[in-house]
Amino acid sequence: MVETFVQSTDDVVRFLKDQHNLIKDLFEEVLSASEPKARERAFTDLRQLLAVHETAEEMVVHPRARREVTGGDAIVDARLKEEHGAKEQLSKLEGMDVASDEFLEELTLFRADVIKHAEREETEEFSRLQRKLSAEDLGRMAKAVQAAEAIAPTRPHPGVESPVLNYVVGPFASMLDRARDALASAMR
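Structural notes, computed from the coordinates. Quick caveat: nothing in here was measured; it's all calculated off a predicted structure.

Our focus in this paragraph is the nonpolar core. Membership of the largest hydrophobic core comes to 21 residues, with the highest contact counts inside it found for Val12, Leu16, Val60, Val61, Leu129, Met141 and Val145. Within the residue set of this core, elements represented by two or more residues are α1 (12–32), α2 (36–68), α3 (72–94), α4 (101–132) and α5 (135–151). Setting aside residues no more than four positions away along its own chain, Val12 makes contact with Val61, Leu138, Met141, Ala142 and Val145. Core analysis: the next-biggest nonpolar cluster, separate from the first, contains 19 residues, Ala42, Leu49, Leu50 and Ala152 among them.

With respect to the helices, strands and loops of the structure, Asp11 is situated in the segment before α1. Only 2.7 Å separates the side chain of Asp11 from the backbone nitrogen of Val13, close enough to count as a polar contact. Ignoring sequence-local partners within four residues, the contact set of Asp11 consists of Gln130, Leu138 and Ala142.

Next up on the list: α1. With 21 residues, α1 should reach 30 Å at 1.5 Å per residue; the first-to-last C-alpha distance of 30 Å fits that figure. Listed as buried for α1 are Val12, Val13, Phe15, Leu16, Gln19, His20, Ile23, Leu26, Phe27 and Val30. Seen from one end, α1 has its buried residues packed into an arc of 155°, which puts them on one side. In this structure, α1 carries Asp25 and Ser32 as exposed residues pointing more than 90 degrees from its buried face. Looking at the buried residues of α1, the elements they touch are α2, α4 and α5.

This paragraph deals with the side chain of Ser100. With respect to the helices and strands, the residue Ser100 is situated in the loop between α3 and α4. Polar contacts involving the side chain of Ser100 include one to the main-chain amide nitrogen of Phe103, which spans 3.0 Å.

Attention now goes to α2. Its 33 residues give α2 an end-to-end C-alpha distance of 45 Å, which sits within 8% of 48 Å, the value for a rise of 1.5 Å per residue. Roughly 40° is the biggest bend found in α2, and it falls at Glu58. Among the 33 residues of α2, 24 are classified as buried, and the element is accordingly described as predominantly covered.

What counts, and at which threshold
The numbers attached to residues start from 1 for each chain and follow its sequence in the written order. Given that this is a predicted model, residues contribute local features only at a pLDDT of at least 70 and side-chain atom pairs are listed and counted only at 80 or more, while totals for whole chains, interfaces and linings are drawn from all residues. The basis for the side-chain values is all heavy atoms of the structure; hydrogens and waters are excluded. What we call a nonpolar core is a set of buried Ala, Val, Leu, Ile, Met, Phe, Trp, Tyr and Cys residues that are connected through their side-chain atoms within 4.5 Å. Each residue gets one of three labels from its accessible area relative to the maximum for its type: buried under 20%, exposed over 50%, partly exposed in between, using a 1.4 Å probe on protein chains only. Here a strand is any run of E in DSSP of at least two residues, a helix any run of H or I of at least four, and the numbering for each starts at the N terminus. Should any heavy atoms of two residues lie within 4.5 Å, those residues are considered in contact. Pairs of N or O atoms within 3.5 Å make up the polar contacts considered here, provided that, within protein, one atom can donate a hydrogen while the other can accept it, and that residues adjacent in sequence are counted only when both atoms are side-chain atoms. In this analysis, the expected span of each helix is defined as 1.5 Å times one less than the number of residues it contains. Note: the arc covers the axis-to-C-beta directions of the helix. The bend reported for a residue corresponds to the angle between axes fitted to the seven residues ending at that residue and the seven starting there.

Shown next as structure tokens:
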């Protein structure tokens, strides 16, 4: 699985922003790959990071934003709608031939949506949490996000965007995803 380690692990906002930057870099790696195997490896890394990142946000960050941020319900509901659409797009991409022009076209559109989503999270949700919470709370949340990512599914699961569903379905989906990933890796 792709390494989700980033430098800023003591503040959830810095941690997630660093991951957003890593996601942007992985999009570029996929799009600039010169041969299908390299593109496939880079896309697998991107898919895995997106899946664990979004799951952790859904389990840790969004519930806290609902409670702590003025207008949090509306902000989080909008982000969850975007995340559901992203999971559907990522699932579609997963089934496409990475060597095709159609894949590159769809990935380019997907990248634009993901970047807009990340920018909205950073401005509407993360910055407000950072202003509202203590450094200790932000540090605890960073640890919770890392723990959630360690057990999160590595593939998109549209319809599993709530904390409850992530806790109920997530462990089983994660086990199956990680087994599929291991088999796919062994077959390369």
